[in-house]
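Report on the structure
Here is how the chains run, residue by residue.
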Amino acid sequence: MRRVAIIGCGQSKHGRRTDVNQAELVAEAVWAAIEDANIGPEDIEAYAVGNMQGFGGICQPDLVFADYIAAGGKAMQRVATGGTVGGSTAHLGYYEVASGMYDVVLAVSWEKHTDSAEPGATTGLLHVAFANLSYMMKIGMDMRSFAIMGLAGAAAGISAYQAAFYMARSGCRIEHFDMVAAKARRNAAKNKYAHLKWPNCTPEDIAKTEMLIWPMRFGHVCPASDGASCVIYANEDAVRRLGVKEVAWVKGVAAYADEEADQGESYQGTAVVDYSDQTGAILSAKKAYERAGIKDPRKEIDMAEIYAPFPHQELMFSERLGFFDDGTAWKAVEEGVTEIDGDFPICPSGGVNTTNAIGSSGMQRVVEAALQIMGKAEDHQVPKDVRNAVAHAWGGQVQFNTVMVLGDRPKGW
Amino acid sequence: MGVDRYSGLPFVARFRWNVGKTMEKFYRSFAEKKILAARCEKCGYTVVPPRQICPKCYSTISEENLVELSGKGVVESLTEVAFKLDGKGGYIWLEKPELLAAIRLEGASSTIFARVEGEAKVGSEVEPVWAEKIEGKPSDLISFKVVE
Ligand SMILES: [Zn+2]
């Protein structure tokens, strides 16, 4: 395996982007990354692209926008792994360079939620949910039962159950979710690409918002954003040849699936009873750290960008990824450890809780972790020295996880 | 036993695509029977429908570089269709086959695809057929017809 670095990062402005079509949105992030790396499109040999299957209402969007991103006549491959897709696409780009197949590869992920005629992400979510419905059709399941399954709200529905499981397991309270959500909004206010900005937001502000589906308040829920994120990878020789100054090295990646945590989508049962187990995250982290040569993640890693559309997930995943003991992350939040200027900052960008263009979100964690290492995160750069950072994504059928460890030096230096 | 439909679900799921500023201008201009193209400042490639990034050299094409075409064009290639879909999963055979053509509009580098009325051949000159009531929508441009 060859050493691989991220040499350029690009993001579109995220939010309601009715001013652009899907191809133009993707192009915005791609050309920003090419400019950031200070290279030309002719230097890129292959493209890894991906978004949520069906979300933008275009089945194979890569076919449509290839000539918006200079991919004509190049190798291009699309990934679709549900919510994780940004993470999986980032991994694919890395594999292509690490394997020696290409020297310079661009990876881009995106989502265009406003192309849904119904509010938020409804249309996109339902197009994924319908695939699951079809499964239920096969056994003639009563559609009224559908509404009480987590599946009815797709990731959001499942997350309400998951949050309740997590509270029972850890002893944390809704007030801790308020704290995490307030931190996310304050951090987002410092990030020019973020969607839901709220300077000086307090947990009390969040506590005033309506309870939507216990234990989740309106102030806990991520927005449905439009946006695209992009990274460019190069091997060691290409970094030198292209004269790139600032890079973030990929030290280790891993992706694991868990048993499908979908309440047994056919009512046929599942081995997963507690949706806050997230064994896939534990396995991904373990393997990625092993590959990165990291023995004590809490000590050796300096910050993390966690894929947490809902605040309980930041707590839950920060434990599964080995930063805190099982059931204790809320104590670290009480102590301010995960604040932007804390000892272990989590999601200084504001994270997925404030900006969720689903396909983009997994890639954006990689972008944000890389920017922190390169010291290019501008107003939301953490004050502490960042040598190693973790980018995580969650999705699939809510049971799939990806982890990437990035560093200021390649593994073994 | 088979399950072939479901009803009574409390939602609908439709798409409403944003076409972007450039394409929006393209369709709005139909209200004045205008067809706009984007001309790349750098390489001169002129693409219709217009777009923000040149498909040839990938330069950004700004709104100032939108140009109005005459609407006249030449048939580059064509095909003949013998039937149409009836919207219920079946076919309707046409009394007279219809012509679909790749048309290069005057001043454009790219081609567009449209139905053509009249006895068209490769090389035929064509012009747009506009709807009686034009509203600045895709449906305004009905087809093209051979110039007599
Ligand atoms: Zn050009």
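In the block above lies the structure referred to throughout.
Residues numbered from 1 in each chain as written. Chains lettered and ligands numbered in written order. Predicted model: local features only at pLDDT ≥ 70, side-chain atom pairs only at ≥ 80, totals over all residues. Heavy atoms only, no water.

Tetrahedral coordination by four donors sets the ideal angle at the metal to 109.5 degrees; octahedral coordination by six donors sets it to 90 or 180 degrees. Residue and element names in this part refer to chain B. Here the zinc ion is held by the protein donor atoms Cys-40 (SG), Cys-43 (SG), Cys-54 (SG) and Cys-57 (SG), which lie 2.3 Å from it. What the four donor atoms of the zinc ion show is an angle range of 103 to 114° at the metal, which sorts the shape as tetrahedral. When the donors of the zinc ion are listed by position in the chain, the intervening gaps give C-x2-C-x10-C-x2-C. With a gap of 14 residues between them, Cys-43 in the loop between strand S1 (35–39) and strand S2 (46–47) and Cys-57 in the loop between S2 and strand S3 (66–69) connect regions that are remote in the sequence. For Cys-43, a relative accessible area of 40% translates into the label partly exposed. (Donors = N, O, S within 2.8 Å, 3.2 Å for Na, K, Ca; no water. Tetrahedral: all angles 85-135°; square planar, octahedral: opposite > 155°, others 65-115°. Helix = DSSP H or I, 4+ residues; strand = E, 2+ residues; numbered from the N terminus. Buried < 20%, exposed > 50% of the residue type's maximum accessible area, 1.4 Å probe, protein only.)

Next up on the list: the interface of chain A and chain B. On the side of chain B, 21 residues touch chain A, which itself brings 33 residues to the contact. Carbon and sulfur atoms supply 62% of the area buried between chain A and chain B, which totals about 2,500 Å² over both sides. Between chain A and chain B we count one salt bridge in total. Counting across the chain A and chain B interface gives seven residue pairs in polar contact (both at pLDDT 80 or more). Those elements giving two or more residues to the side of chain A that touches chain B turn out to be helix H1 (22–37), helix H4 (122–138) and helix H5 (143–146) of chain A. Considering each element in turn, the side of chain A that touches chain B owes the most residues, seven residues, to H4(A). Its residues assigned to classes, the side of chain A that touches chain B comprises 15 nonpolar, 12 polar and six charged. (Contact = heavy atoms within 4.5 Å. Buried area = accessible area lost by both parts, 1.4 Å probe. Salt bridge = Lys/Arg side-chain N within 4 Å of Asp/Glu carboxyl O. Polar contact = N/O pair within 3.5 Å; in protein donor to acceptor, adjacent residues only side chain to side chain. Nonpolar A, V, L, I, M, F, W, Y, C, P; charged D, E, K, R; others polar.)

Here we come to the environment of A:Tyr47. All names here are of chain A. Secondary-structure assignment places Tyr-47 in strand S2 (residues 46–50). Sequence separation between Tyr-47 and Met-76 is 29 residues, and the spatial gap between their C-alpha atoms is 4.6 Å. What Tyr-47 contacts, discounting residues up to four positions off in sequence, is Ile-69, Ala-70, Ala-71, Lys-74, Ala-75, Met-76, Gln-77 and Leu-106.

Let us now look at the packing of helix H3 (residues 85–98) of chain A against helix H14 (residues 358–374) of chain A. All names here are of chain A. One can describe the packing of H3 onto H14 by two numbers: an axis separation of 5 Å at closest approach and a directional angle of 55°. Taken as axis vectors, H3 and H14 run oblique relative to one another. Where H3 abuts H14, its residues Val-85, Gly-86, Gly-87, Thr-89 and Ala-90 lie against Gly-359, Gly-362, Met-363 and Val-366. (Axes fitted to C-alpha atoms, helices over the stretch in contact; angles between N-to-C directions. Parallel < 35°, antiparallel > 145°, perpendicular 65-115°, else oblique.)

Residues and elements named next belong to chain B. Around the barrel, five strands lie side by side as S4-S5-S6-S8-S7; this closed barrel has mixed pairing. Put simply, the sheet's adjacent strands are angled 45° from each other on average, direction ignored. In this structure, strand S4 (residues 73–85) lies alongside strand S7 (residues 125–130), joined through two bridges in antiparallel fashion. Along S7, the bridge assignment pairs Gly-73 with Val-126. (Pairing = 2+ DSSP bridges.)

Here the focus is unusual backbone geometry. Leave glycine aside and you will find that most residues have negative phi; peptide bonds, for their part, are mostly trans. The peptide bond linking A:Trp214 to A:Pro215 adopts the cis configuration, its omega dihedral lying at 0°. Checked against the element boundaries, A:Pro215 lands in the loop between strand S5 (211–213) and strand S6 (216–217). The linkage connecting B:Val48 with the following residue, B:Pro49, adopts the cis geometry, with an omega of -5°. Here B:Pro49 is to be found in the loop between S2 and S3. Notably, A:Asn38 is not glycine yet its phi reads approximately 60°, a positive angle. Tracing the sequence through the fold places A:Asn38 in the loop between H1 and S2. One non-glycine residue, A:Asn200, lies in positive phi territory at about 60°. Among the secondary structure elements, A:Asn200 is positioned in the loop between helix H7 (174–188) and helix H8 (203–207). Relative accessible area serves as the criterion here: at 66%, A:Asn200 is assigned to the exposed category.

Let's shift gears to the pattern of salt bridges. Residues and elements named next belong to chain A. For the structure shown, the criterion picks out 33 salt bridges over all chains. For the salt bridge of Arg-169 with Asp-326, the shortest nitrogen-to-oxygen distance reads 2.9 Å. Of the two residues, Arg-169 sits in helix H6 (residues 154–170) while Asp-326 sits in the loop between helix H12 (311–320) and helix H13 (329–334), which places them 157 residues apart along the sequence. Taking the relative accessible area as the measure of exposure, Arg-169 reaches 32% and is therefore partly exposed. Linking Arg-173 and Glu-175 is a salt bridge whose minimum nitrogen-to-oxygen distance equals 3.3 Å. Exposure remark for Glu-175: the relative accessible area of 40% places this residue in the partly exposed category. Connected through salt bridges with shared partners, the residues Arg-169, Asp-274, Asp-277, Glu-319, Arg-320 and Asp-326 form a single ionic network.

Moving on: the sheet that holds strand S1 (residues 4–11) of chain A. Residues and elements named next belong to chain A. One open sheet accounts for nine strands, arranged S3-S2-S4-S7-S1-S8-S11-S10-S9; its pairing is mixed. Either end of the sheet is taken by a strand with one partner, and the two such strands are strand S3 (75–79) and strand S9 (303–305). With direction set aside, neighbouring strand axes in the sheet form an average angle of 25°. The pairing of strand S4 (residues 104–112) with strand S7 (residues 226–235) spans nine bridges and is antiparallel. When the bridges of S7 are listed, Trp-110 appears paired with Ala-228. Against the sheet, helix H10 (residues 279–292) makes contact with strand S8 (248–257), strand S10 (388–395) and strand S11 (400–407), and its axis sits at roughly 145° relative to S8, the strand it touches most.

Such coordinate-based values are descriptive only and should not be taken to indicate function.
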